[in-house]
Amino acid sequence: MLVENLSPVGVRPGIGEYLAQLWERRHFIWMDARHRVATQNSRNRLGSLWLVLKPMLDAVMYFVVFVLILGVTRNMENYAAYVIIGVMMFRSTMRSIGQGANTLQSGKAMIRAFSFPRASLAISAEIRDALQMTYAVATMLVMIVIIPPHVFPAVTWLLVPVVFLMQFFLNLGITFCMARIGQLFPDTTQLMTFAGRFLMYGSGVLFPVERFLTHPIAMALITANPIYHMLALYRGLLMDHVIPPAEHWAILGGWACGLTVIGFLFFWQGEESYGSGQ
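All values derive from a computational prediction rather than experimental measurement.

Participant: Just give me the short version of the overall build of the chain, but keep the residues and values in it.
Facilitator: Within the chain one finds 13 helices and 0 strands. Each helix (α) and strand (β) of the chain, taken in turn from the N terminus, gives the series α-α-α-α-α-α-α-α-α-α-α-α-α. The buried share among the 278 residues of the chain stands at 46%. Look at the contacts in the chain between residues 6 or more apart in sequence, and 78% of them connect residues 24 or more apart. If you sum the accessible surface of the chain, you get close to 15,000 Å²; carbon and sulfur atoms cover 67% of it.

Participant: A description of the layout of surface pockets should follow, citing residues and the corresponding values.
Facilitator: Roughly 790 Å³ of volume is contained in the largest pocket. Looking at the largest pocket, it is lined by 30 residues, and the ones nearest its centre are Arg95, Gln99, Arg128, Asp129 and Gln132. Among the elements of the structure, α3 (26-39), α4 (50-69), α5 (79-100), α6 (103-106) and α8 (119-146) are those that each provide at least two residues to the lining of the largest pocket. The element that contributes the greatest number of residues to the lining of the largest pocket is α8, accounting for 9 residues.

Participant: Quick rundown of the packing of aromatic side chains? Include the residues and the values.
Facilitator: Evaluated as defined, the whole model comprises 6 aromatic pairs. On the basis of an interplanar angle of 50° and a centroid distance of 5.7 Å, the ring pair of Phe176 and Phe267 is categorised as tilted. On the criterion of sequence distance, the pair formed by Phe176 in helix α9 (residues 160-184) and Phe267 in helix α13 (residues 246-269) is long-range, its members being 91 residues apart. On the basis of relative accessible area, Phe176 is assigned to the buried category, the value being 2%. Aromatic pair Phe267 and Tyr274: ring centres 4.7 Å apart, planes at 40°, arrangement tilted.

Participant: Would you mind going over α5 in detail, with residue names and values included?
Facilitator: Taking 1.5 Å of rise per residue, the 22 residues of α5 would be expected to cover 32 Å, and the 31 Å separating its terminal C-alpha atoms lies within 8% of that figure. Arg91 marks the point of greatest bend in α5, at about 30°.

Participant: How would you summarise the packing of α9 against α13 if you had to cite specific residues and measurements?
Facilitator: Running from amino to carboxyl end, α9 crosses α13 at an angle of 30°, the nearest separation of the two axes being 8 Å. Of the possible angle classes, the one that applies to α9 and α13 is roughly parallel. Between α9 and α13 lies a crossing whose hand is left-handed. Its residues assigned to classes, the contact of α9 with α13 comprises 19 nonpolar, 5 polar and 1 charged.

Participant: Lay out the confidence of the model for the chain in plain terms, naming residues and giving numbers.
Facilitator: Put simply, the chain has an average pLDDT of 84, and 89% of its residues get 70 or more. The least confident element of the chain, judged by mean pLDDT, is helix α1 (residues 2-5) at 48; the most confident is α13 at 96.

Participant: Lay out the packing of α9 against helix α12 (residues 226-240) with the relevant residues and their values.
Facilitator: Close contact between α9 and α12 brings their axes to 10 Å; oriented N to C, the two are set at 165°. When the axes of α9 and α12 are compared, the pair comes out roughly antiparallel. Of the two possible hands of crossing, α9 and α12 adopt the one that is left-handed. In contact with Val160, Val163, Phe164, Met166, Gln167 and Leu170 of α9, α12 contributes Pro226, Met230, Leu233, Tyr234, Leu237 and Leu238.

What counts, and at which threshold
Here the residue numbering is sequential within each chain, running from 1 through the sequence in written order. Per-residue local features are limited, in this predicted model, to residues with pLDDT of at least 70; the limit for side-chain atom pairs, both in listing and counting, is 80 or more; totals at the level of whole chains, interfaces and linings are taken over all residues. Side-chain figures throughout are based on the complete set of non-hydrogen atoms in the structure, without hydrogens or water. A helix here means a DSSP run of H or I that spans at least four residues, while a strand means a run of E at least two residues long, and both kinds are numbered starting from the N terminus. Accessible area is worked out with a 1.4 Å probe on protein chains only. A residue is then buried under 20% of its type maximum, exposed over 50%, and partly exposed in between. Here, residues are in contact when the closest pair of their heavy atoms is within 4.5 Å. To be clear on the numbers: accessible area is Shrake-Rupley with a 1.4 Å probe, and residue cover counts the displayed protein chains and nothing else. Using a grid of 1 Å spacing that covers the protein atoms alone, one calls a set of points a cavity when a 1.4 Å probe fits there but cannot get out, and a pocket when the set is open and has protein on both sides within 12 Å along at least five of seven lines; lining residues are those with an atom within 4 Å of a point. Grid points are joined across faces, edges and corners, and a volume is the space filled by probe spheres set on the points. Two aromatic rings, drawn from Phe, Tyr or Trp (for Trp, its six-membered ring), form a pair once their centres lie within 6.5 Å of each other, and the interplanar angle then sorts them: stacked below 30 degrees, edge-to-face above 60, tilted otherwise. One fewer than the residue count of a helix, multiplied by 1.5 Å, yields its expected span. Two axes define the bend at a residue: one fitted to the seven residues ending there, one fitted to the seven starting there, and the bend is the angle between them. As a rule, the C-alpha atoms of each element are fitted with a line to give its axis, helices using only the stretch in contact, and angles between N-to-C directions run from 0 to 180 degrees. Oblique is the label for any angle not covered by the other classes, which are roughly parallel (under 35 degrees), roughly antiparallel (over 145) and roughly perpendicular (65 to 115). The crossing is said to be left-handed when, going from far helix to near helix, the turn is anticlockwise and less than a right angle, and right-handed when the turn is clockwise. Gly is placed with the polar residues, together with every amino acid not listed as nonpolar (Ala, Val, Leu, Ile, Met, Phe, Trp, Tyr, Cys and Pro) or charged (Asp, Glu, Lys and Arg). Per residue, pLDDT captures the predictor's confidence, and it can take any value from 0 to 100.

Right, here's the structure in full:
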């Protein structure tokens, strides 16, 4: 009778049950993300102030190198704001690509000790990154206001949280995919640095790529890139004070929703293997 009531350990639950388990642990996921953000710089004297200082120093470095030293403007009225927005918002998605492959490895202690849906680790990591990005976004807004030529707040800035939310789900889908790929092929993390460079130059982070590309295939790849559209949305709302064309919203939204669903299912299919060999 007792044997009949036992259930096997390490078996992948159905998708409905898996989602229910994640929902039951929503408070833990949220608190874990908040705790890690609060304590990640606890050993430094400046503590959480680094959440503001890091993005500020990144932005200042690119501004000094490209604007003050190289004198690059790309015939743009406010190239400084263009670079600051591009670099700071690209960094969040690049972290999902670069660090997503280590999600399961970094959580191996919890995987060994507890039974829980492993997708919790990916979700917690992205919530943590989103909380960190709120400091980066606030810093970015201050910098584009104070650095000449100044950009001043406008009503279009109210739509920035919508783009931020779409970026969150895009990053989450990337993390789901990269976490399983990193578990299957540990060497993936070594390739992400090169992938990041291609994405940086192919997403318009430092310059408007559409001004320099004429090949139709190259342009097709660029226009299919969700990061390109994400940055176009941020810049349109913040710099140009206009609501960007529907194409940018549709492509980024489609990628965010589609990649989250596909990435989650891809991750869930490997659930049984995540406890082995950790």
